[in-house]
Amino acid sequence: MKMTFRWFGPKDSIPLSYIKQIPNMSGVVTAVYDMPVGEIWPIETLEKLKAQCHQNGLEMEVIESIPVHEDIKLGKPSRDVLIDNYCQNIINCAQVGVKCVCYNFMPVFDWLRTNMHHTNADGSNSLSYSQEDFDNLDPNNLHLPGWDESYSSDELQSLLNEYQNISHEQLFDNLIYFLKKIIPVCEKYDVNMAIHPDDPPWDVFGLPRIVSSEQDFDKLFKAIPSTRNGLTFCTGSLGAGRNNDLIHMVDKYAKQKRIHFFHARNIKYVGDSNSFVESGHNDKCGSLDLYKIIEVLVENDFQGYVRPDHGRNIWGEDNKPGYGLYDRALGASYINGLFEAIERNRK
Ligand code: DNO
């Protein structure tokens with residue numbers, strides 16, 4: 001595996017030199033953040049980003065994400081031009097050495113929490129999802145933690161209206177339409193597409209979600225068999241679905257060579273509903289068995305990219321929720337330790 005770390009570009013408060021100091025760090029996972037969704041990222045911008053990474057001894061082989069324009073998900077006539085642009089983005093990324101592109105196909109919101117600053121018993125902060133708080137949200141006057149800057153309330157309402165006629169089946173067809181044009185480009189330029197599962201893995205506000213379960217992945221891989229059509233195995237997103245058998249799924253898709261990117265994080269289930277709090281990465285802190293999941297990856301000779309996912313804000317850090325330095329660095333060390341121990345035990 002190659003250990004990586006998400007870096008939000010030159011505006012990220014965490015310098016690349018700090019990221020490099022985390023043991024066993026091979027590179028960053030980043031994107032071009034200052035271009036509107038749907039536009040072509042200039043190759044010069046990508047070259048510049050890559051040069052900055054290389055100056056700090058870090059690779060830039062993973063992009064998270066090239067965002068998918070809502071018109072593509074909605075299947076609007078404008079999608080063809082947007083898909084052509086997406087293909088050009090894949091080509092430009094490949095030309096600067098990118099090997100893996102993470103993306104998602106979630107309508108409107110690409111993740112959802114009810115609290116971005118949940119205070120844990122030890123004084124640390126993390127993201128959390130309370131089913132009760134969610135049920136109390138007013139879909140006609142939505143203010144969602146983390147999303148208020150992305151959409152004005154009119155924009156949000158009209159986008160939600162546009163989705164009213166989009167069924168799960170229609171959304172799936174739109175995903176396949178997109179992939180039928182993208183995957184041949186990936187084949188030609190040696191890029192792996194890694195779809196990120198729905199976070200959390202169920203429908204929200206009546207918006208369909210189609211990448212939440214084993215059944216969903218099976219359907220997706222059957223429709224587009226090329227292994228360039230793969231996934232980001234995000235333990236926290238998939239694990240929030242208490243019916244998802246993560247150990248079975250990781251085994252199945254690692255064997256199929258579909259897992260190109262692995263997001264490791266842990267969550268602690270709260271009560272009997274869907275509620276959860278994002279915990280420290282260690283198994284003892286949360287409800288997921290990362291040890292076992294990673295053991296299965298190692299048994300299947302996993303060679304893809306790994307990154308610690310959301311961390312808590314600890315030690316007085318007040319960084320972007322989920323993306324502080326300290327707890328993600330601790331997460332990376334824990335995951336490195338698991339891989340190392342499991343690999344050595346097997347020899
Ligand atoms: C949240 C992330 C997601 C992810 C996208 C990938 O922290 O896991 O925003 O980057 O869904 O497209």
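Located above this text is the structure these notes cover.
Note that this is a predicted model, so its numbers are computed, not measured.

1. Here's the deal with the site of the ligand
Right, so step 1: For the ligand, the full set of nearby residues is Arg6, Glu64, Ser65, Cys102, Tyr103, Asn104, Met106, Asp110, Trp111, His196, His310 and Tyr323.
Right, so step 2: For the ligand, an oxygen atom lies 2.8 Å from a polar atom in the side chain of Asn104.
Right, so step 3: Contact between the ligand and His310: an oxygen atom at 2.6 Å from a side-chain N or O atom of the residue.
Right, so step 4: Coverage of the ligand by the protein amounts to 96% of the 330 Å² it exposes when considered alone.
Right, so step 5: Taken together, the residues of the shell around the ligand break down into five nonpolar, four polar and three charged.

2. A few points about the packing of helix α10 (residues 246–255) against helix α11 (residues 290–299)
Right, so step 1: Look at α10 against α11: their axes get within 9 Å of each other, and the N-to-C directions meet at 15°. Of the possible angle classes, the one that applies to α10 and α11 is roughly parallel. When you trace α10 past α11, the crossing you get is right-handed. Residues Leu246, Ile247, Val250, Asp251 and Ala254 of α10 touch α11, and the partners they reach there are Lys292, Ile293, Val296 and Leu297.
Right, so step 2: Residue classes in the contact of α10 with α11 are distributed as seven nonpolar, no polar and two charged.

3. Re empty space enclosed by the protein
Right, so step 1: As enumerated under the stated definition, the model contains one cavity of 30 Å³ or more in all.
Right, so step 2: Its volume calculated, the largest cavity comes out at about 40 Å³.
Right, so step 3: Every residue along the wall of the largest cavity is listed here: Lys2, Thr4, Ser26, Gly27, Val28, Glu59, Glu61, Val62 and Tyr305.
Right, so step 4: Among the secondary structure elements, those contributing two or more residues to the lining of the largest cavity are β1 (2–6), β2 (27–30) and β3 (59–64).
Right, so step 5: Considering each element in turn, the lining of the largest cavity owes the most residues, three residues, to β3.
Right, so step 6: A breakdown of the residues in the lining of the largest cavity according to their chemical character gives three nonpolar, three polar and three charged.

About the criteria used
Residues numbered from 1 in each chain as written. Predicted model: local features only at pLDDT ≥ 70, side-chain atom pairs only at ≥ 80, totals over all residues. Heavy atoms only, no water. Near = heavy atom within 4 Å. Polar contact = N/O pair within 3.5 Å; in protein donor to acceptor, adjacent residues only side chain to side chain. Areas by Shrake-Rupley, 256 points an atom, 1.4 Å probe, with all protein chains shown as cover. Nonpolar A, V, L, I, M, F, W, Y, C, P; charged D, E, K, R; others polar. Axes fitted to C-alpha atoms, helices over the stretch in contact; angles between N-to-C directions. Helix = DSSP H or I, 4+ residues; strand = E, 2+ residues; numbered from the N terminus. Parallel < 35°, antiparallel > 145°, perpendicular 65-115°, else oblique. Left-handed = near helix turned anticlockwise from the far one by under 90°. Contact = heavy atoms within 4.5 Å. 1 Å grid on protein atoms, 1.4 Å probe; cavity = no way out; pocket = protein on both sides within 12 Å on 5 of 7 lines; lining within 4 Å. Points joined across faces, edges and corners; volume = space filled by probe spheres on them.

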